[in-house]
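Listed below are the residues making up each chain.
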Amino acid sequence: MSLQPAFGLDGAADLQDFDIGVIREFIEFFPENGLSKVLKGYLSSGISQFPLKAPQPVQEGQEGQENGSAEEGDAPLSPEDCLLLMADGVDEAKDSVLSHRLMGEYYLFLEEYESAVEIARKGLKLVSVQTQKTGLKFQRILDALNSTLATSLIHYQSPKNHPEAKEIFQEILKRRPTFTPALIGIGLILEEEEEYVEAIDFLERALTHDASNSRIGAEVAWCQALTGDYATGLRRLEEYLEYPQMDSTDPRGRELKAQTLYRIGICLWELDSSKSARKDRQRAYSKFLAAIKANVSFAPAYTSLGIFYSDYAKDRKRARQCFQKAFELSTSEIEAAERLARHFADQGEWDIVEVIAQRVVNSGKVKPAPGSKKKGVSWPFSALGVVQMNKQEYPKSIVSFLSALRISPDDYHSYVGLGESYHNSGRYNSAARTFRYAENPTDAVQMKKTGESWFTKYMLANVNRELGEYDEAIQGYEEVLKDRPKEFGVSIALLQTLIERAWRSIETGFYGKAADSTIQAIDVAITVAEHKPDAFNLWKAVGDACGMFSWVQSRLEDAPFAKITALLKTAIDLQEYDMFADADGIGQNQIGVLSADAQSALKSSLSRSLYAAILAQKRSIISCAHDVHAQAVAWYNLGWAEYRAHVCLEQSLELSHVKKATKFLKASMKCFKRAIELEAGNAEFWNSLGVMTTAMNPKVAQHSFVRSIHLNEKSARTWTNLGTLYLLQNDLELSHMAFSRAQSTDPDYGQAWLGEGLIALLWGDPAEALSHFTHAFEISDSTPLIAKRLYAVSTFDHLISSSSAPSSIVDLIQPLFSLQQLSFQKPTEIPYRHLAALYLERVGNHDAAIECLASLCSLAETEYEESESQEALSRFAQAKTDLARNRLAVHDYEPAAEDAETALDLASDPDSCGMSLEVFKKTRLSAHLTVGLSHYYLNNMDAALGAFRIALEESNSAPDIVCLLAEVLWAKGGEDEKNVAREQLFESVEKHPEHVGSVVLLGAMAALDEDPDTMDAVKEDLQMLRTKSTLDAIQLARVEKVLDSIAFMNGGVEEAEKEVKRNIVLSPSKAHGWAQLADFGEDIFPAQMALRTAEKAVPPLGPLSAVNLATAFAGTGSLGDAQRAIALAPWVAAGWNALAESLQ
């Protein structure tokens, strides 16, 4: 141990600086020392210039004996023994810098670059420790270790570590410009980075210091060839081929010779690129073979031979063998790996493709070093992405394609793969951006497109379809089909997208667009059927298209039944449609009568569309006879088609108490049972069976729903159906629990809220029911009919039953809108059309109400003439009454009187008209009032009085009727009539002291008669009424107006002004009082206050109309407010008058 420092740490850079004798003595005296083992292994490895034993002179006569003993003592260690010995020595001499230096050099010699890097870094750390201890730099040993480290980094994980290696070499060259290893290292790095001119400069500088080094010379010649000067490169390579370092007996010489022969072959290959020259086996081909003979493990030569066999000799088998051999020898053979990967990809061997691509990626050759001008290799990442897509590992494939695009931003197919991976993983927005960029780069990138690009357009259309952008998706599919009209996948995608757009249009209330999309889908289906008539998806889509018209019954007449008939007859024996005909009665006999020109029992377009849907679904079952899963789905689809026929064609018969016709219901139940037999684990199948059996067999229905929930307990639809079953069985508690579970599972599922509303109705809480129905309607789409029905009916019931119910037009628009949608979906529902007319009447759209009621009257009259049923008579009488009332509202008095009298004739007997007593009384009262008012406005006072008297009798002297009668009597003008009017009003006020109309009318009559006693009495009543909080704005205005008139009659203008001020004090937030006060003087303040209060009383804050607000604006006298008054209500003269006054 004491001898180790004698070697000198700084002199440990090279053994040439030591006395070799001292080293041998150290090994001999200390054989078990760690450094001794390293030195012994190093001297025995053949890498050292000195042998382990010094040569000894041979004495004469003892030559044979000495030679024998020398051979025995100097027997060299094997490379394995040297490596083990040196490794043991380094482990023992952990603090020895020299042992790490020699071990690193030996690892570098063995091309164990990773180990060389590791041992060199450890050596550098030891030098750093010694530097801190002694304060010396030890520059020579640092340079030696750094040289070993940098040289190893050139080859270890190339080209990842090239920047670090280059930096180390450059640091050494700053101090030692002629340091040959550094010059060679930088030259090799620059060669790898394809900086050939600079590489030649460094290698030439190294060659000047070691002119006999054929390895450096060959690299210089190769760099010259790579710059395009293949002739010079070829000449120099052939010269170096004769150097002694190319000795085939030496392993390193064989490798260098093989490399040189290969490079000579490449030069010959590139010098003449003609096909004949490259096919010539005496040129490059012979050099490649010679390289392999020189070193059978030289991989690049196999790659070039593979290219020769593949591209010129047309021997695919040998080419594949060469590529396989090259890739087995070196994963850096990117070209061989790519060709192998393409070969196995064409054969569908994706596992092998993955192995090849992953090995190439792991080689570190695909990504260039930072700052390098060398292009990376992207295809391994693309190949991995494709393999991962086939395995449905989409997150991994996204990462792979992104890695490929970072290397090659112009790789079109990687963009396509990335977009497809995004699509399949549900990231549709990212997919859409990727496909759009691939087709139209926004940063001037020129995409490398090979082959057709229609698939990208197709995938972009698929993405738009998933995003719900159906119009763009359809446009994309149509563009693809222009170039590839027979592409089945695109055609069927277009067909399905049209159907999806139709459904979406129904959900959003665009029923006309839904019908147009359905008609277009049938045209596309005809085209698809010409090429592939046995496709399951085709007939499923056709069935959906035919059934679509049952959801948009207002467009039934537009259904192309002739085209549907021809489509159903395409490429099939019509007898096959008789399948299941014994259950539903639909078979080949119905095909011939589907077209619009057919004269048959199928008079209803609705029936024809549903029969066509059933036939198409049967065709889908026929088309998938060999696919069990598809068969189950097809039976499921047929079951719903049968059930839709039951709902549209049979339920109305059941509700009208005709003998039950449940043919389609039973058929649908059989279909779902068949689907369950084929696929018993599908929750939707069990749920559907439960729906079918709810009315027929509640126990089976309950079992089906429970089974479905067992398979999928998160289905809000199934929980709602179970709740409906319990509701039908009058088990409200269980029903409420099921609906609550559905709400918690999916709060946006509207039917669950409808169920809770029905329970609230049964529990006697209509307000709570209305709240549920309203919420259900708001969160539901436009497809379900029941949400519209219940919402509209419950809202109307609330309006007519509650005095506090909102009567604003805004509150009536939503239920009216729901009924409008209902009329598009099912125009045959007469009660709801009648309800829509009542809503139209309330919102003031009397023309539309008249049109609707006239149509209902015609239908009811026709039905009554055919059946003479009491129900038809009742509907006819009520429709006539409502029609008369709306005609009266539009001042069409004579037809109004006629319609009202007709209604009275129809509703003459409560026992024969089919109405309940309450409805009967209301109908006749409305008709009498309409007759009376019509005659009143026609100045036929006698007829009006007669109608009002009858109305008064039938209404038990209702105060509103008394007021109408009093007005007519007063208008007739006779003293007797006026006395009768006063008497009627006094009686009404006595019976109903808080009836505003009676008191106001009595006060108005007293003021006109100038009767002070009556005015005083009425004034007290009106003042009491004025303080009531139940009065609305209109009633309050009437009361205040009469009080103002009475005050004026008693005390003139001054008293009237005082009365107006009292009104303001009592109701300072009402605009009416301020407006009246403004009329009494020229002070602008009352007018401004009238405007301020009016602005706070318009919807949604209050019921003030646009006319009243415009009048308030006009009253301020300013030009701007006058213009605002005109903008608010241009039909009101006050605004124009105010504008004229302002401009004067």
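Numbers given to residues run from 1 along each chain, matching the order in which its sequence is written. It should be noted that, the model being predicted, local features are given only for residues of pLDDT at least 70 and side-chain atom pairs only at 80 or more, the latter also being counted only at that level, while totals for whole chains, interfaces and linings use all residues. Heavy atoms throughout the structure, all of them, feed into the side-chain values; hydrogens and water do not.

Student: I'm lost on the overall build of the protein in this one. Help?
Tutor: Looking only at helices and strands, one finds 58 helices and zero strands in the protein. Expected size for 1144 residues packed as a compact globule is a radius of gyration near 32 Å; at 50 Å, the protein overshoots this value by more than 25%. Counting only C-alpha atoms and orienting by the principal axes, one finds that the protein spans roughly 175 × 85 × 60 Å. Out of the 1144 residues belonging to the protein, those deemed buried represent 49%. In the protein, the share of contacts with a sequence separation of at least 24, taken over all contacts with a separation of at least 6, comes to 55%. A total accessible area of about 56,200 Å² is found for the protein, and carbon and sulfur atoms account for 51% of it. Only DSSP runs of H or I covering at least 4 residues are called helices, and only runs of E covering at least 2 are called strands; the numbering of each starts at the N terminus. Radius of gyration here uses only the C-alpha atoms, and the compact-globule reference equals 2.2 Å multiplied by the residue count raised to the power 0.38. Exposed residues in this analysis have more than 50% of their type's maximum accessible area, buried residues have under 20%, and partly exposed residues fall in between, with area computed by a 1.4 Å probe over protein chains only. Contacts were defined at the residue level, with two residues in contact if any of their heavy atoms lie within 4.5 Å. Here the accessible surface of atoms and residues is derived via Shrake-Rupley with a 1.4 Å probe, and residues count as covered only by protein chains that are part of the display.

Student: Just checking my understanding: could you explain the pattern of salt bridges for this structure?
Tutor: Side chains that carry opposite charge are capable of pairing whenever their charged atoms lie near each other. Should a side-chain nitrogen of Lys or Arg be within 4 Å of a carboxyl oxygen of Asp or Glu, the pair is scored as a salt bridge. Tallied over the full model, the rule gives 43 salt bridges. Glu-191 is paired through a salt bridge with Arg-263; the nearest N and O atoms lie 4.0 Å apart. Linking Glu-191 in helix 9 (residues 180-192) with Arg-263 in helix 13 (residues 251-271), this pair joins segments that are 72 residues apart in sequence. Accessibility expressed as a relative area gives 7% for Arg-263, which makes it buried.

Student: Mind showing me how you'd approach the packing of helix 1 (residues 20-29) against helix 2 (residues 34-44) here?
Tutor: The description of two helices packed together rests on the angle between their axes and the distance between the axes. Axis angles are defined between N-to-C directions and span 0 to 180 degrees, where every axis is a line fitted to C-alpha atoms and, for a helix, only to the segment in contact. In the contact formed by helix 1 and helix 2, the axes pass within 9 Å of each other and the chain directions differ by 120°. Regarding the angle of helix 1 to helix 2, the classification is oblique. In the packing of helix 1 onto helix 2, the handedness of the crossing is left-handed. Each of Ile-20, Ile-23, Phe-26 and Ile-27 in helix 1 lies in contact with helix 2, whose residues at this interface are Leu-35, Ser-36, Leu-39, Lys-40 and Leu-43. Between 65 and 115 degrees an angle is taken as roughly perpendicular, under 35 as roughly parallel, over 145 as roughly antiparallel, and anywhere else as oblique. Less than a right angle of anticlockwise turn of the near helix away from the far helix marks a crossing as left-handed, whereas a clockwise turn marks it as right-handed.

Student: How do you make sense of the nonpolar core when you look at a structure like this?
Tutor: For soluble globular proteins, nonpolar side chains are generally found buried alongside one another. The biggest cluster of nonpolar side chains holds 116 residues, and the ones touching the most others in it are Tyr-477, Leu-495, Leu-538, Val-542, Leu-568 and Leu-649. Element by element, the count of residues in this core is highest for helix 33 (residues 628-655), at 12 residues. In this structure Tyr-477 touches Tyr-458, Ala-461, Asn-462, Arg-465, Val-490, Ala-493, Leu-494 and Thr-497, once residues within four positions along its chain are discounted. Grouping buried Ala, Val, Leu, Ile, Met, Phe, Trp, Tyr and Cys residues that are joined through side-chain atoms within 4.5 Å yields what is termed a nonpolar core. The next biggest cluster of nonpolar side chains, apart from the first, holds 55 residues, and it includes Ile-292, Phe-344, Trp-379 and Ile-407.

Student: Explain the UniProt feature "repeat: TPR" (unreviewed entry) in the protein here, please?
Tutor: UniProt positions are given in the numbering used here, feature names are shortened, and annotations may be inferred rather than shown by experiment. Mapped onto this structure's residue numbering, the UniProt feature "repeat: TPR" (unreviewed entry) falls at residues 180-213, 378-411, 454-487 and 716-749. Spanning residues 180-213, this segment combines 79% helix with 0% strand, and its end C-alpha atoms are found 11 Å apart. Annotation note: span residues 716-749, helix share 79%, strand share 0%, distance between end C-alpha atoms 7 Å.

Student: In this structure, what is going on with helix 6 (residues 113-134)? I would like to understand it.
Tutor: The periodicity of an α-helix, 3.6 residues per turn, causes residues three or four places apart in sequence to face the same way. Between its first and last C-alpha, helix 6 extends 31 Å over 22 residues, near the 32 Å set by a 1.5 Å rise per residue. Within helix 6, the full set of buried residues consists of Tyr-113, Ala-116, Val-117, Ile-119, Ala-120, Gly-123, Leu-124, Leu-126 and Val-127. Of the surrounding secondary structure, the elements contacted by the buried residues of helix 6 are helix 4 (79-92), helix 5 (97-109) and helix 7 (139-155). Once helix 6 ends, the next one or two residues include Gly-135, with phi positive near 85°. To estimate how far a helix should extend, the number of its residues minus one is multiplied by 1.5 Å.

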